[in-house]
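# Structure at a glance
Each chain, letter by letter, is given below.
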Amino acid sequence: MASTIRCDIVSAEAEIYSGEATLVVATGEIGELGIAPKHAPLITRLKPGKVVVTTPAGETLDFAISGGILEVQPDMVTVLADTAVRAQDIDEAAVRQAKEEAERVLAGRGEAMDVAEAQQRLAEVSAQLAALERLRKNLKH
């Protein structure tokens, strides 16, 4: 039997995922982290990006997060995200519209948000679009 680690992904709104994993990959502040069973304890901040969970059955679950905290214990990994969404639950039209608005603000043609907020929103929606692309790629295989 393959060794597993418990994985919980929680957003401010709800628990997004809870189950066993053989590997959890997340985007930390200084790069991607791969967390396997019996990993050394760790706490780090997460950037907007992806969290990929590999289940014991070999299935890959893809999530997009807007940032948060990753806590690792030898038998458990917890992702506390500001917002998190499964790739298959992403509303592509809404995400593309939000991306265009953030890009307009950054180009100096919008007024709805300040530059820092626009940069954060652009990072969030870019992570969601990347999750959609990974989901589509995985469905083709």
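This one's a predicted model, so the numbers in the text were calculated from it and none came from an experiment. (Residues numbered from 1 in each chain as written. Predicted model: local features only at pLDDT ≥ 70, side-chain atom pairs only at ≥ 80, totals over all residues. Heavy atoms only, no water.)

## Digging into the overall build of the protein
Scanning the protein for helices and strands turns up 2 helices and 9 strands. Counted from the first residue to the last, the protein has its helices and strands arranged as β-β-β-β-β-β-β-β-β-α-α. Per-residue burial for the protein yields a buried fraction of 40% across its 141 residues. Partitioning the intrachain contacts of the protein with sequence separation of at least 6 by distance along the chain shows that 52% fall at a separation of at least 24. Summed over its atoms, the accessible surface of the protein is roughly 7800 Å², and 52% of this surface lies on carbon and sulfur atoms. (Helix = DSSP H or I, 4+ residues; strand = E, 2+ residues; numbered from the N terminus. Buried < 20%, exposed > 50% of the residue type's maximum accessible area, 1.4 Å probe, protein only. Contact = heavy atoms within 4.5 Å. Areas by Shrake-Rupley, 256 points an atom, 1.4 Å probe, with all protein chains shown as cover.)

## As for the confidence of the model for the protein
Interpretation of this model should avoid reading the predicted coordinates in detail wherever pLDDT is low. Mean pLDDT for the protein: 82, with 82% of residues reaching 70 or above. Averaged over each element, pLDDT in the protein is lowest for helix H2 (residues 115–140) (70) and highest for strand S1 (residues 5–10) (95). (pLDDT = per-residue confidence, 0-100.)

## Some words on the environment of Glu 71
By the secondary structure assignment, Glu 71 is in strand S7 (residues 68–73). Discounting residues that sit within four places of it in the chain, Glu 71 has contacts with Leu 42, Ile 43, Met 76, Val 77 and Thr 78. A polar atom in the side chain of Glu 71 sits 3.4 Å from the side chain of Gln 73. (Polar contact = N/O pair within 3.5 Å; in protein donor to acceptor, adjacent residues only side chain to side chain.)

## Here we look at the nonpolar core
The biggest cluster of nonpolar side chains holds 21 residues, and the ones touching the most others in it are Cys 7, Ile 9, Val 24, Val 51, Val 53, Phe 63 and Val 77. At the level of elements, S1, strand S2 (15–21), strand S3 (23–28), strand S5 (42–54), strand S6 (60–65), S7 and strand S8 (76–81) are the ones that each hand at least two residues to this core. (Core = buried A, V, L, I, M, F, W, Y, C linked by side-chain atoms within 4.5 Å.)

## Remarks on the pattern of salt bridges
Where charged atoms from two side chains of opposite charge approach closely, those side chains can pair. Enumeration over the complete set of coordinates arrives at 4 salt bridges. A salt bridge links Asp 8 to Arg 6; the shortest N-O distance between them is 3.7 Å. Assessed through its relative accessible area of 11%, Asp 8 is described here as buried. Through salt bridges with shared partners, a single network forms among Arg 6, Asp 8 and Glu 20. (Salt bridge = Lys/Arg side-chain N within 4 Å of Asp/Glu carboxyl O.)

## Overview of the packing of aromatic side chains
Applying the stated criterion to the full structure yields 1 aromatic pair. Ring centres 5.8 Å apart and planes at 50 degrees place the aromatic pair Tyr 17 and Phe 63 in the tilted group. Here Tyr 17 is found in strand S2, whereas its partner Phe 63 is found in strand S6, with 46 residues between them in sequence. Overall, Phe 63 belongs to the buried group, its relative accessible area being 0%. (Phe/Tyr/Trp six-rings, centres within 6.5 Å; stacked < 30°, edge-to-face > 60°.)

## A look at unusual backbone geometry
Notably, Lys 38 is not glycine yet its phi reads approximately 70 degrees, a positive angle. For Lys 38, the location among the structural elements is in the loop between strand S4 (31–35) and S5. A relative accessible area of 67% places Lys 38 in the exposed class.

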